[in-house]
Amino acid sequence: MKKIDLHIHTKWTKLDPKPKFEFSQEALDKHVDDNGLDIIAITNHNIFDMLQYKSIKERLKPKCQVYPGIEVSLKYGHILIISNPNNLIAFNEFSETIKKRFNENNFIDDEELVDLVKDGNYLIIPHYKKKPICPKITIEKFGEGIIFCGEVVNAKKFSLMQKDEKENLTPVMFSDFRCKDESNIKESKLSSTKYIYLKGEANQFNTVFNLLKSKKNVALNYFDLPDVFEIDGGKILASERLNVLIGRRSSGKTFTLDNIFKSYCNDKNVLYIKQFEITKDCSSDRYDTLRDNENHEIYEKYFEDFRSIVYFMLNINLKESIERADNFVTSLKEHAIEQRTKDAFSCAKLFSEEPFSRIEVNEYGDLLEAVTILMDSIHNELIEKYIKREDLRNLGMELLKLNKKEFMTTLVEGEVNKILIPIKNQLKVNTSDKAIGDFDICELFENKYCVYKFDQLVQGMKDKIIKDEIIGDKYHSIYKILKIQTKKQLNSNFNKNGFGNVLKLSPYKRIEYMQNNKEKFGIEETQIYKAFFYLLRETTDENNGELSGGQKAEYSLITKLINVENYDMVLIDEMESSFDNPFLNEYIINRIQKISDKAIVFISTHNNNLGVSINPDWYIYTDFEKDEGSISYKAYYGGANEIELKTNNDEKIRTKDVLVKYMEASDKAYSERKEIYENIKD
Amino acid sequence: MKILKIKDSKGYFSLNGENYFEIDNITKDNLVEIVNLAFDNDFEYDENVEEVKNEAQIIIYRKILEKCKDLVSRKESIKSKINNKFSAAEEKYTK
């Protein structure tokens, strides 16, 4: 068995998270050593540094094989291209082309990449169940058998893919590790633990290449156990469902959770609720800030379309159109009166000729674009369910013809204007007659009509309840969008004062006024859309009352757990410190069980509701021993139904003993409590 | 609505189809008002400019007629473009 991690970054690029980092060989050494990796690949974004690669390869020889690679940005998704180290020169040339194309376009065209890799015998691994996802339609472009692996984001996705008989690709999970110096950071002791095992003796690139062709050759743990993966550099096994961490104080539970978080936090889909975090979240200021942030997000999402309309309106220059109309009428009248005295220059027909209107009406372009999007969509099966591809193609062809005609007309008019305007200007210079001011009535019409539509839109916008939710069966939140009626509401929306009588102005005049005075008001143009409505969120308990401190904590926790659908992993550290048992039992346990259907869950706890009644899939028991001043940490693990938990060194402990000791205080305390309950039963 | 009319060898404009004013009295505000009228009204106009006797009125009438014709020929496509732009927002926020 070989441990492989074929996705490692050694150079900062603009696609990597900020801040910039410098490559740290020590960090890479530590990553390889902590995880005991046998094979790695260097895969920076759209760049390959041959010198750096050679130096890394030399340094890690012979304990770890290092393959040259690159992470290529396609229009949709990322894809790893990994080469045989014996073909370094050809791979370097290939990478130079990728770099050049990326600098030109910010992505590599699918077809070009297919062409570039066709003779390379490269190991090609698309982001498959990992963002940014490479769509299946792109993968198919490479042809059958060229791509046989897909990268996944975590163990759960790995297991699902491995079990899915319809899925042909071999799942692979790698660290996406950034080799940067973190010696100043507390978490530097932690190592990123994401890799897979490759069964068989993979001593060279070609063997790795061939082994990855079969799903049966990859595993998440040394023992090849199903649905179980390694954490903490392989020292602990964990379930891809619901894990409970137990152990005495300072035995390493939080350390283990931190470690898992570090391995997965790059994926941005990990929720980590730290110890006491919920309590902190309920201090008055913090609670308000958190709710404000949530409100802001909801408000922004709701007004997304309106914001772009306001931004569009702010780019209209109605005032200028009206000034041109004024100039036109004045000069037209003067011109008419002066006709009798006109000279040779003003007699020229072109002197009074009007340029073509400047309005560009792209009537068919938008439709054509829409049809193109439908035709190129990765959801072609869904689309074809309702619209035949043949019909779409015919519509596209017709639109293309019409669009071409419209384009030609605009082109010709533009060319005529190019000739006409300079001649008119020259005639104006030479004549004593007044030239008629240029005035495009359609431009004025367009601007006026936009203003009319905007005013009509804002006046028609209604107060609305945009969200009405029951949180955890006991809290009720209503989100209302209400028209701003008072200065106080306006000030509060912008968190600023001094907007004057802006509320008396019509909608367009209001945004125009705010735009003209944005420096004075200290606001950004992009915020002006907030000048009309505010969001009011009302949260009450089951008795319609305001929330107490404890209820705020419950509300905060449930809100967090409700929004976990987007997460692949949830880590919770001793949440019981903030809540009572009935609440945990009634509202949290079921919720966490459901979450574990979709995400990997780790809970650290001393509470028997969360530790036992939750019916976990897996236990991890952490402990330490002091020996002559030094401390050694241990972790026992195993399925929740197993009689014993064991360490990596096969030390064993009875599951029941651990649970009774840490969840019930001890056998004696458990029996005593049982007796007390029996006595007071009647 | 008839916004430009030729009668008794004189050119006139109107803002309501009932009251008419001589074309050489047109102002910027009248022109802006004509543009506003175009939102919801179909325009009609006399085109027999040769019947106007006053030289200055001919020039003004001809130019304004030219502008109105330009507007009439393009206003529906402009309106449709803008209506499209606003339709999603109208659907979302006003219903």
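Residues numbered from 1 in each chain as written. Chains lettered and ligands numbered in written order. Predicted model: local features only at pLDDT ≥ 70, side-chain atom pairs only at ≥ 80, totals over all residues.

### Here we look at the overall build of chain B
Now for step 1: A count of helical and extended segments in chain B gives two helices and four strands.
Now for step 2: Each helix and strand of chain B, ordered N terminal to C terminal, gives the series β-β-β-α-β-α.
Now for step 3: The proportion of buried residues among the 95 residues of chain B is 29%.
Now for step 4: Within chain B, contacts between residues separated by at least 24 positions form 56% of all contacts whose residues are at least 6 apart in sequence. (Helix = DSSP H or I, 4+ residues; strand = E, 2+ residues; numbered from the N terminus. Buried ≥ 20, exposed ≤ 12 C-beta atoms within 10 Å, placed from the backbone. Contact = placed C-beta atoms within 7 Å.)

### Quick look at the overall build of chain A
Now for step 1: For chain A, the count of helices and strands is 26 helices and 23 strands.
Now for step 2: Across the 682 residues of chain A, 35% fall into the buried class.
Now for step 3: If you take every contact in chain A between residues at least 6 apart in sequence, the share linking residues at least 24 apart comes to 70%.

### Concerning the interface of chain B and chain A
One widely used convention gives an interface's size as the accessible area the parts lose upon coming together.
Now for step 1: With 33 residues of chain B in contact, the opposing surface of chain A contributes 33 residues.
Now for step 2: The set of elements that each furnish at least two residues to the side of chain B that touches chain A consists of α1 (28-37) and α2 (55-93) of chain B.
Now for step 3: In terms of residue count, α2(B) provides more of the side of chain B that touches chain A than any other element does, 22 residues in total.
Now for step 4: By residue class, the composition of the side of chain B that touches chain A is 16 nonpolar, four polar and 13 charged. (Nonpolar A, V, L, I, M, F, W, Y, C, P; charged D, E, K, R; others polar.)

### Details of the environment of A:L645
Residue and element names in this part refer to chain A.
Now for step 1: The topology assignment puts L645 in strand β22 (residues 644-646).
Now for step 2: Judged by local crowding, L645 falls into the buried class, with 24 C-beta atoms found within 10 Å.
Now for step 3: Residues L645 and K656 lie 11 residues apart in sequence; the distance between their C-alpha atoms is 9.6 Å.
Now for step 4: Those residues within four positions of L645 in sequence are excluded, and the remaining contacts are Y619, Y621, Y636, Y637, G638, I653, T655 and V658.

### Regarding the confidence of the model for chain B
Now for step 1: Put simply, chain B has an average pLDDT of 92, and 100% of its residues get 70 or more.
Now for step 2: Both confidence scores are given for the complex: pTM 0.65, ipTM 0.95. (pLDDT = per-residue confidence, 0-100.)

### Focus on the sheet that holds strand β17 (residues 533-540) of chain A
Residue and element names in this part refer to chain A.
Now for step 1: Read from one edge of the open sheet, three strands run β15-β16-β17, paired in antiparallel fashion. Taken across any chain shown, the strands that pair with only one partner, and hence form the sheet edges, are β15 (464-471) and β17. Averaged over neighbouring strand pairs, the angle between their axes works out to 15° when direction is ignored.
Now for step 2: For β15 and strand β16 (residues 475-483), the ladder comprises seven bridges, and the chain directions are antiparallel. What sits directly across from D468, in β16, is I478.
Now for step 3: The sheet contacts of helix α10 (residues 284-302) involve β15, β16 and β17, and relative to β17 the element is tilted by about 130°. (Pairing = 2+ DSSP bridges. Axes fitted to C-alpha atoms, helices over the stretch in contact; angles between N-to-C directions.)

### Comments concerning the sheet that holds strand β1 (residues 2-7) of chain B
Residues and elements named next belong to chain B.
Now for step 1: Read from one edge of the open sheet, four strands run β3-β2-β1-β4, paired in mixed fashion. The open sheet has two edge strands, β3 (20-22) and β4 (44-45), and neither has a second partner.
Now for step 2: Two strands pair when backbone bridges link them, and strand β2 (residues 10-14) and β3 are joined in this way by three bridges, in the antiparallel orientation. Residue pairing across strands places F13 opposite F21, the latter belonging to β3.
Now for step 3: Along the sheet, α2 makes contact with β1, β2 and β4, crossing β1 at roughly 150°.

### Quick look at the pairing of strand β20 (residues 618-627) of chain A
Residue and element names in this part refer to chain A.
Now for step 1: Here five bridges tie strand β13 (residues 242-247) to β20, and the two strands are oriented parallel to one another. When the sheet's bridge partners are listed, L245 is paired in β20 with I620.
Now for step 2: One ladder, built from 10 bridges, connects β20 with strand β21 (residues 630-639); its direction is antiparallel. Its bridge partner lying in β21, Y621 is registered against Y636.

### Observations regarding the packing of helix α12 (residues 318-337) of chain A against α2(B)
Now for step 1: Between α12(A) and α2(B), the least distance of the axes is 8 Å, while the angle of their chain directions is 145°. Helix-helix and strand crossings are classified by hand; for α12(A) and α2(B) the assignment is right-handed. Here A:L332, A:K333, A:H335, A:A336 and A:I337 of α12(A) lie close against α2(B), whose contacting residues are B:A56, B:I59, B:I60 and B:K63.
Now for step 2: Taken together, the residues that form the contact of α12(A) with α2(B) break down as six nonpolar, one polar and two charged. (Left-handed = near helix turned anticlockwise from the far one by under 90°.)

### What to know about unusual backbone geometry
Residues and elements named next belong to chain A.
Now for step 1: Looking along the chain, the bond that leaves K61 and enters P62 is cis, with omega of 0°.
Now for step 2: Along the polypeptide, P62 turns up in the loop between α2 (50-60) and β3 (65-73).
Now for step 3: Here the bond from K131 into P132 is cis, since omega is -10°, no more than 30 degrees from zero.
Now for step 4: Within the secondary structure, P132 sits in the loop between β5 (123-129) and α5 (136-141).
Now for step 5: A positive phi angle, near 60°, is found at S250, a position not held by glycine.
Now for step 6: Within the secondary structure, S250 sits in the loop between β13 and α8 (253-264).
Now for step 7: Classification of S250 by C-beta neighbours within 10 Å gives exposed; the count is 12.
Now for step 8: Even without being glycine, D650 reaches a positive phi, approximately 70°.
Now for step 9: Tracing the sequence through the fold places D650 in the loop between β22 and β23 (652-654).

### Considerations on the nonpolar core
Residue and element names in this part refer to chain A.
Now for step 1: Formed by 108 residues in total, the largest nonpolar core has its most connected members in L6, I40, I196, A238, V601, I620 and Y637.
Now for step 2: Top element by residues in this core is helix α23 (residues 581-598). It accounts for five residues.
Now for step 3: Among residues more than four places away in sequence, those in contact with I40 are D5, L6, I8, V32, C64 and V66. (Core = buried A, V, L, I, M, F, W, Y, C linked by C-beta atoms within 7 Å.)

### Here's the deal with α2(B)
Now for step 1: With 39 residues, α2(B) extends 53 Å between its outermost C-alpha atoms, agreeing within 8% with the 57 Å of an ideal straight helix rising 1.5 Å per residue.
Now for step 2: The axis of α2(B) is deflected most strongly, by about 45°, at B:R74. (Expected span 1.5 Å × (residues − 1). Bend = angle between axes of the 7 residues up to and from the residue.)

### What about the environment of B:N36?
Now for step 1: Relative to the helices and strands, B:N36 is located in helix α1.
Now for step 2: Each C-alpha atom of the pair B:N36 and B:L15 lies 9.8 Å from the other, and the pair is 21 residues apart in sequence.

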